[in-house]
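Inside the fold
Residue strings, one per chain:
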Amino acid sequence: MTARSLESGAPARERAASPSLWSRIWQNHAPGYLFLLPWLIGFFGLTIGPIVTSFYLSFTDFDLLTSPDWVGANNYVRMFTADPKFWASMRVTVIFVIFSVPLKLAFALAVALLLNRGMRGLPLYRALFYLPSLLGASVAIAILWRQIFARDGLVNDFLSVFGIAGPSWISNPQYSLWTIIILAVWQFGSPMIIFLAGLRQIPQDMYEAASLDGAGKWRQFIKITLPLLTPVVFFNAIIQTIEAFKSFTPAFIISGGTGNPINSTLFYTLYLYQEAFGFFRMGYASALAWVLLALVGMFTAFSFLTSKYWVHYDE
Amino acid sequence: MATSIQLRQLVKAYGDMEVIHNIDLDIDPGEFTVFVGPSGCGKSTLLRMIAGLEPISGGDLVIDGQRMNDVPAARRGIAMVFQSYALYPHMNVYQNLAFGLETAKAPKAEIQQRVQRAADILQIVPLLQRKPKQLSGGQRQRVAIGRAIVREPKIFLFDEPLSNLDAELRVQMRVEIAKLHNDLGNTMIYVTHDQVEAMTMADKIVVLRLGVIEQAGAPLELYNNPKNLFVAGFIGSPKMNFLTATADGSGISVAGNALALPRSAAGTATLGARPEHITLQPGTGIKLADVRVDLVENLGGQTVVYATTANGQPVNIVLEGQRPVELGSTVTAYIDPARVHLFNADGNAL
């Protein structure tokens, strides 16, 4: 029986039995949605839900035990006008970002350049250099770091060989942040791998043409390698900056969750954590989180806007 | 004044593996030399050794009487055009052309004047502010050549520069490079695997195989007097026919037909006959063989006949003009005896 005869000549009973558009769509797509279900539950229940809730909570006073009280923009006003710790944590985080990201990228690029020279055992070195990135953000490494930079730690043991009595780097506000910056730079593996992949993409004959043009290694690096690597630099810079703004574990472990000495390691996320889970000021902590998001968003938008002036895409 | 190049027992080895074997070659001042050969014959490696991009493992490279083995690439007075063009994608055409001069810290006015001259020669003035990605293949090729011209080198090297272009543009650029050579008068070395490019452009063709020069000489010399089967087969299009020959005391026979050659053919194992030298008209030469016509291609200006001898050896024939040749018929092929090439069992010309 053709479709035509079905539609025109079939009794009403048969037509009623034929599936409606919606049920046909459901029949066609149900297995797909079923497979998607775990992700959908996670996305709406664990991501979108908390995001929307935290935005609402940022306008409330909420201690987890009683229901939230609407306070309007008070949390934001207080943050910018009456909270020196907010500014202290912002200062620490910005210093951390400004120093750790360029240093890490420079170090990663330097090692990638070394590894790109076609040395033997490259896969082994690549894995070894990548290892800190896997371990770096862990609690264990943060504890190890604490031992290395303690008064009787490895660094001071080494300095004592030269007769130098080093301070306790971690408990000295002058140096404590720098130990965390060094820890961040040490985790250069991830951007290094990406730099290495980028370097491999630069055609060898560019360098050959440049060497015939009389360009030495340094000029080749400045005039060929760096410009052709700018898309990778841009990508790494964005990712690493966002990571740096979000950095939490090392500061938490090394300072014992206090951000001390004298708030010198009070990272923004650490302060946020203290407000939320130390003082149960969930409303204020949510406002802090939204300010961080806005800050990272503005930085990323600014980076993309300026990228057309310094990022060179081949095609 | 143009520059001479001598290669003396030049060797290139990667570890224990030697890829260029004791090459001896003289390139005269102002000569357009083409290195030609199949893939892997070592032509590009040899060019890169001359450029200074590959270290020389043995022998001497002499440019204008001076040994250049250890002189850095930039100080050999050489400019090279790469197969991939190797244009810097982040620089515009002007910056690409000026890069070498800026590196040499030439005065700005001089850079501008030399870039302008090269752009005028190659007619790329309107493209100077464009990035390479905004150019067509042919335009990129011109810029790559322009980058070489700007440096005013003593020697130009071209590494298969036309292989990325379509057929029409290849012919056009081939003519332009030949004109450029006439205008500038520099010594040029050009690498290609295309024997038509070699024949049309070269003053001297160097045929390479497996890191050895098989024969070097003027294009027509190689065409008329190939030294061996390899050169005979490589030079000329369509390819030379090779027929197994049987030599006896008085002469040779091919596919059962005794050839009346006016010269000694002792030791002949293979007879070579170029498709364009074979005819189907009696009286135009001696009889080569009776052949069965398998396929006929009418190209308008030429008729190409694909045939086989009685003992199954393929014979290709190129006839001038439009000729009626019946498919499946047996015809007699003739050849001018002066155009017959004879090779011994080792493949060397007799």
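The model shown is predicted, which means the values in this text are computed figures rather than measured ones. (Residues numbered from 1 in each chain as written. Chains lettered and ligands numbered in written order. Predicted model: local features only at pLDDT ≥ 70, side-chain atom pairs only at ≥ 80, totals over all residues. Heavy atoms only, no water.)

1. Points about a nonpolar patch on the surface
All names here are of chain A. Residues Met 119, Leu 124, Tyr 125, Leu 128, Tyr 130, Leu 131, Leu 134, Leu 135 and Ile 193 make up a contiguous nonpolar surface patch of roughly 790 Å² in combined accessible area. The biggest single contributor to the nonpolar patch is helix H6 (residues 122-135), with seven residues. The topology assignment puts Leu 135 in helix H6. (Patch = residues over 30% accessible without salt bridge, like charges linked within 9 Å, V, L, I, M, F, W, Y side chains within 5 Å. Areas by Shrake-Rupley, 256 points an atom, 1.4 Å probe, with all protein chains shown as cover. Salt bridge = Lys/Arg side-chain N within 4 Å of Asp/Glu carboxyl O. Helix = DSSP H or I, 4+ residues; strand = E, 2+ residues; numbered from the N terminus.)

2. Structural notes on helix H15 (residues 282-310) of chain A
In this model H15(A) runs 41 Å from its N-terminal to its C-terminal C-alpha over 29 residues, within 8% of the 42 Å that 1.5 Å per residue would give. For H15(A), the principal kink sits at Phe304(A) and spans about 25°. (Expected span 1.5 Å × (residues − 1). Bend = angle between axes of the 7 residues up to and from the residue.)

3. Description of the packing of aromatic side chains
Residue and element names in this part refer to chain A. In total, this model carries 30 aromatic pairs over all chains according to the counting rule given. Here Phe 107 and Phe 188 contribute two aromatic rings whose centre-to-centre distance is 4.9 Å and whose plane-to-plane angle is 90°, an arrangement assigned as edge-to-face. Here Phe 107 is found in helix H5 (residues 84-115), whereas its partner Phe 188 is found in the loop between helix H9 (176-186) and helix H10 (189-201), with 81 residues between them in sequence. On the basis of relative accessible area, Phe 107 is assigned to the partly exposed category, the value being 41%. Between Phe 248 and Tyr 273, the aromatic rings sit 5.3 Å apart at their centres with planes inclined by 55°, giving tilted as the arrangement. Linking Phe 248 in the loop between helix H12 (217-246) and helix H13 (249-254) with Tyr 273 in helix H14 (residues 268-278), this pair joins segments that are 25 residues apart in sequence. Owing to a relative accessible area of 24%, Phe 248 belongs among the partly exposed residues under this scheme. (Phe/Tyr/Trp six-rings, centres within 6.5 Å; stacked < 30°, edge-to-face > 60°. Buried < 20%, exposed > 50% of the residue type's maximum accessible area, 1.4 Å probe, protein only.)

4. Observations concerning the sheet that holds strand S9 (residues 204-209) of chain B
All names here are of chain B. Strand order in the open sheet made by the six strands is S6-S7-S8-S3-S9-S10, with mixed pairing throughout. At either margin of the open sheet sits one strand with a lone partner, and together these are strand S6 (78-81) and strand S10 (212-217). Strand-to-strand, the axes of this sheet are offset by a mean angle of 15°, without reference to chain direction. (Pairing = 2+ DSSP bridges. Axes fitted to C-alpha atoms, helices over the stretch in contact; angles between N-to-C directions.)

5. Examining the domain arrangement of chain B
Residue and element names in this part refer to chain B. Partitioning chain B into domains gives domain 1 (5-233) and domain 2 (239-343). With eight residues of domain 1 at the contact, the number on the domain 2 side is nine residues. Summed over both partners, the interface of domain 1 with domain 2 comes to about 690 Å²; 61% of that surface belongs to carbon and sulfur atoms. The largest share of the area that domain 1 buries against domain 2 comes from Tyr 223, Leu 229 and Ala 232, three residues that together contribute 67% of it. For the interface between domain 1 and domain 2, the tally reads zero salt bridges. Elements supplying a minimum of two residues to the side of domain 1 that touches domain 2: helix H7 (219-224) and helix H8 (229-234). (Domains from an automatic or database assignment. Contact = heavy atoms within 4.5 Å. Buried area = accessible area lost by both parts, 1.4 Å probe.)

6. Details of the UniProt feature "domain: ABC transporter" (unreviewed entry) in chain B
In this numbering, the UniProt entry assigns the feature "domain: ABC transporter" (unreviewed entry) to residues 5-235 of chain B. Between the C-alpha atoms that bound residues 5-235 of chain B there is a distance of 24 Å. The span itself is 37% helix and 26% strand. (UniProt positions renumbered as here; feature names shortened; annotations may be inferred.)

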